[in-house]
Amino acid sequence: MAFTKMVNDTKSSATESRQSKAGRRDDRRDSGSRSSRRRFLAASGVGFAGLTGLAGCLGGGTSGPTGPVKIGVLAPEPGSNPIGASIAQSAKLAAEQLNQDDGILGNDVEVIVKDTHEKPSTGRDVYQDLTVGEEVDFTTGIFTSEVLLALMDSISEQETIHMSTGAATPDAATMVKDDYEAYKYFFRTGPVNAHFLGQNMVDFANANFSNMGWDSVYVLVEDYAWTKPVESVLNNQLGEAGVDVAGMKRYAGGTEDFSTIYDQVEQSGADAAFVAMAHTGTPAVVQWIKQQRPFEFGGIHVPMQLPSYYQATKGACRFAITQNSATPTSEITSKTVPYANAYHDANDKYPVYTGYITFDAVKQYAAAAESASSRAATDIISKLESEPFTGTVGTIRYYGQDEAYPHDVVYDPSGENGVRPLWLQWQEHDGAGKQVSIHPDSVAEGSYRKPPWV
Amino acid sequence: MALPLGGVVVNALMISALYALVAIGFTLIFGVGGVLNLAHGASITIGAFAAYYVSSVFGLGIWAGALAALVVPALFSAAMYLGMIQYVEDNPITVMILTLVTFIAVEEVVKIVAGTQAVAIQSLLTGQVAIGNGLEANRLLVFALSWVLIGLLFAVVNYTRTGKAILATSMSSKGAALVGIESDRMYLYTWILAGAFAGIAGLFLASLQTANWSMGRTPLVLSFSIVVLGGIGSIRGSVVGAYIIGFLETLTTSYVDSSLTGLASLVVLVLILLVKPEGLFGREFTE
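Residues numbered from 1 in each chain as written. Chains lettered and ligands numbered in written order. Predicted model: local features only at pLDDT ≥ 70, side-chain atom pairs only at ≥ 80, totals over all residues. Heavy atoms only, no water.

K.L.:
Sorry, what's going on with the overall build of chain B here?
P.N.:
Secondary structure assignment for chain B yields 11 helices and 2 strands. Written out in order from the N terminus, the α and β elements of chain B read α-α-α-α-β-β-α-α-α-α-α-α-α. For a compact globule of 287 residues, the expected C-alpha radius of gyration is about 19 Å, and chain B comes in at 19 Å, within 12% of that figure. When the backbone C-alpha atoms are referred to their principal axes, chain B occupies close to 60 × 45 × 35 Å. In chain B, buried positions account for 55% of the 287 residues. If you take every contact in chain B between residues at least 6 apart in sequence, the share linking residues at least 24 apart comes to 75%. Accessible surface, chain B: about 11800 Å² in total, of which carbon and sulfur atoms supply 71%. For chain B, the centre of its 10 positive side-chain charges and the centre of its 12 negative side-chain charges are spaced 7 Å apart. (Helix = DSSP H or I, 4+ residues; strand = E, 2+ residues; numbered from the N terminus. Rg over C-alpha atoms; globule rule 2.2 N^0.38 Å. Buried < 20%, exposed > 50% of the residue type's maximum accessible area, 1.4 Å probe, protein only. Contact = heavy atoms within 4.5 Å. Areas by Shrake-Rupley, 256 points an atom, 1.4 Å probe, with all protein chains shown as cover. Lys, Arg positive; Asp, Glu negative; His and termini not counted. Charge placed at Lys NZ, Arg CZ, Asp CG, Glu CD.)

K.L.:
Where do I start with the nonpolar core in this structure?
P.N.:
The nonpolar side chains of soluble globular proteins are, as a tendency, buried together. Core analysis: the biggest nonpolar cluster contains 133 residues, and Ile161, Leu220 and Phe297 of chain A have the highest contact counts within it. Those residues in contact with Ile161 of chain A that lie beyond four places of it in its chain are Asp137, Phe138, Thr139, Tyr185, Phe187, Tyr365, Ala377, Ile380, Ile381 and Leu384 of chain A. Residues Ala51, Phe197, Leu205 and Leu208 of chain B belong to the second largest nonpolar core, which totals 79 residues. (Core = buried A, V, L, I, M, F, W, Y, C linked by side-chain atoms within 4.5 Å.)

K.L.:
Before we go on, may I ask you to explain the sheet that holds strand S10 (residues 321-324) of chain A in this structure?
P.N.:
Backbone-to-backbone hydrogen bonds pair the strands of a sheet. The strands run either parallel or antiparallel. All names here are of chain A. If you trace the 7 strands from one edge of the open sheet to the other, you get S7-S6-S8-S9-S10-S13-S14, paired in mixed fashion. Looking at the sheet topology across the chains shown, the edges are occupied by strand S7 (244-251) and strand S14 (432-439). Strand-to-strand, the axes of this sheet are offset by a mean angle of 25 degrees, without reference to chain direction. Pairing analysis gives 5 bridges linking strand S6 (residues 216-222) to strand S8 (residues 272-277), with the strands arranged parallel. Bridge assignment links Val221 to a residue of S8, and that residue is Ala276. Against the sheet, helix H11 (residues 259-268) contacts S6, S7 and strand S9 (296-301), and its axis sits at roughly 160 degrees relative to S6. (Pairing = 2+ DSSP bridges. Axes fitted to C-alpha atoms, helices over the stretch in contact; angles between N-to-C directions.)

K.L.:
When you look at the packing of aromatic side chains in this model, what are you seeing that I'm missing?
P.N.:
Any aromatic ring pair is given by two values, namely how distant the centres are and how the planes are angled relative to each other. Tallied over the entire structure, the rule returns 30 aromatic pairs over all chains. One aromatic cluster in this structure is built from Phe204, Phe209, Trp214, Phe274, Trp423 and Tyr448 of chain A. A cation over a ring is seen here: Lys111 of chain B above Trp213 of chain B, with NZ or CZ 4.3 Å from the ring centre. (Phe/Tyr/Trp six-rings, centres within 6.5 Å; stacked < 30°, edge-to-face > 60°. Lys NZ or Arg CZ within 6 Å of the ring centre and 35° of its normal.)

K.L.:
Teacher, can you tell me more about the side chain of Ser43 of chain B here?
P.N.:
Looking at where Ser43 of chain B falls in the secondary structure, it is placed in helix H2 (residues 40-57). If we ignore the near neighbours within four places in the chain, the residues touching Ser43 of chain B are Pro73, Phe76, Gly195, Ala198 and Gly199 of chain B.

K.L.:
In this structure, what is going on with the environment of Ala316 of chain A? I would like to understand it.
P.N.:
Residues and elements named next belong to chain A. Note that Ala316 resides in the loop between helix H13 (309-312) and S10. Between the C-alpha atom of Ala316 and that of Thr282, which follows or precedes it by 34 residues, the distance is 8.9 Å. Other than its neighbours up to four places away in sequence, Ala316 contacts Val285, Val286 and Ile289.

K.L.:
Please clarify how the interface of chain A and chain B should be interpreted in this entry.
P.N.:
Much of the literature gives interface size as the accessible area that the parts lose upon coming together. On the side of chain B, 30 residues touch chain A, which itself brings 29 residues to the contact. At the boundary of chain A with chain B, the tally comes to 0 salt bridges. Across the contact surface, chain A and chain B share 7 residue pairs in polar contact (both at pLDDT 80 or more). Looking at the side of chain A that touches chain B, the elements that each hand over two or more residues are S7, H11, helix H12 (281-290) and H13 of chain A. Sort the elements by how many residues they give to the side of chain A that touches chain B and H11 of chain A lands first, with 8 residues. Grouping the amino acids of the side of chain A that touches chain B by side-chain chemistry returns 11 nonpolar, 11 polar and 7 charged. (Salt bridge = Lys/Arg side-chain N within 4 Å of Asp/Glu carboxyl O. Polar contact = N/O pair within 3.5 Å; in protein donor to acceptor, adjacent residues only side chain to side chain. Nonpolar A, V, L, I, M, F, W, Y, C, P; charged D, E, K, R; others polar.)

Shown next as structure tokens:
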């Protein structure tokens, strides 16, 4: 279960990769956009079947491909990893619902799932299978930032829309900003990028810390690339929000023993540890509870977002809080709870955040295609850019070309013109653990409870 | 702001006992059989996950889990010796490759079966003990049990017939054979003991921290440093070495930087190999 990487690692060499491909892109522009796809096919010897299949596609004019609408889904270990399973099963659920309602533009919707194994090289291979072999209309999924960044050039070359639903690196949007024409096929339907994950932590602090009694916090972030934008926002803005930062620690990625780190938090006199943890989250929260440390605990804690986490840890997450995209019982929009229940009916378990977002991505793509009356990528892109969509996690809009993170989902602290994450606390109700939303007020199901030992 | 020394010393005392459990098994197999068992870390992982499955997944309680953590790795270790190592023990390169491959295979299986995310198991003992700022009762129990096990091992090796036979085999397998000791059986016993000890260490680590598929690696690397420091093959040296390494580690992470885990012990490993390769206690068990 690699749900450790919800927010994922960004790749620092994105600039380098952008530069290295500039030459290839120029070639392509010289010879016309579709021809590169043909050249690739011929060169890679995909075979006669693929070529004949593509002929119809190329001759399709501006309305794009014909036949069933194929959705290419890239998921990490969809058989065993809840993150990957949520991506794959949610795409299928959305497709089923669309098919019951006459599909997309009257065509049936098909879902083809491929496993990325969280490896950039595997990601590239299966992406080629999907776009060149299966000729999908668009792709969605991807959880690992490294995989996403490794695919950005292929997405550009294949001129196939990708609606990303798991990775948090802001670097992909930066690429769209630097070369819009090449990278305009990329959209991040969710989660909000790593910069806004940090921003949301500060907004949460502003709104709630004084009520919670968190006057002083010790910031703990794990040393993975995804936490860098988060840490930099916290560094710059937490103090301004009137929070006393008793200490800030970027601890080693492989940390398993938190005794020493917690000794330091304890000694600083902080009311709480304000954390950004994905890979190291479980040992951290388990040791916090077992050692009954005299400070409170919360922040972005990816494993705690998993609906089955309470059972998995035998309650060793009680009283801890985390940011999340949605919970099965939070009515962010009228679509949230029905989706979660439909997913539960189909799979006998609730999805994690990537499920909500993937479901939204497929539905939004369908809405854009219907609105454009076209399956051509460029027509759909202009609809995605201009038409907001109400999904399960809120109002999905994308930043424009002139903003800092083009094609990233808009973060709006008010929740009206964009999405905003919610905050939940693991509480015990009737002997069972429950993810109780505590913020924002519009979705709150309860209020924050202090751990009794603090 | 420096941490108070008292708490740091307590941390070091606790973790060193666990290191000793792991290192003793490692040194036993090397001292008695002359085999460098790189799969020793796998026994830790197997112990932890045996406890997890029995206690949490099958719901049989943590003490049934503890029993599983003792028995399953011991069986695994015995199976490894009987099925593989006894045929190749005279060829150190083959042994190293086989044990390393086994370790990796075990990790992969755990990854597939249990996933990559850490899992938590219940504490053996809940609550806090009023020592200093309050100490987790479970940690204290782990510390005490580790020492009970180490004490038992000393007693067995020094005062029972089988223990003495193991000791004799480690000194000279030919000599032992001459007085009627079946060295193969002694080798098997050491593998079983080492597996059980590592398994219990795995249980303790899982109970204090969490269990994950790669949890055997750090203790294995630390064991290298510990047994080289203490003198390869020496049980007493392993215990002393575990405490030196444990304190060094804890002091480094507490007062220098918490991300330097493992570095201090590797520096010690290199220094000892260069300056005093026989370690602090020589090789008591050598021929």
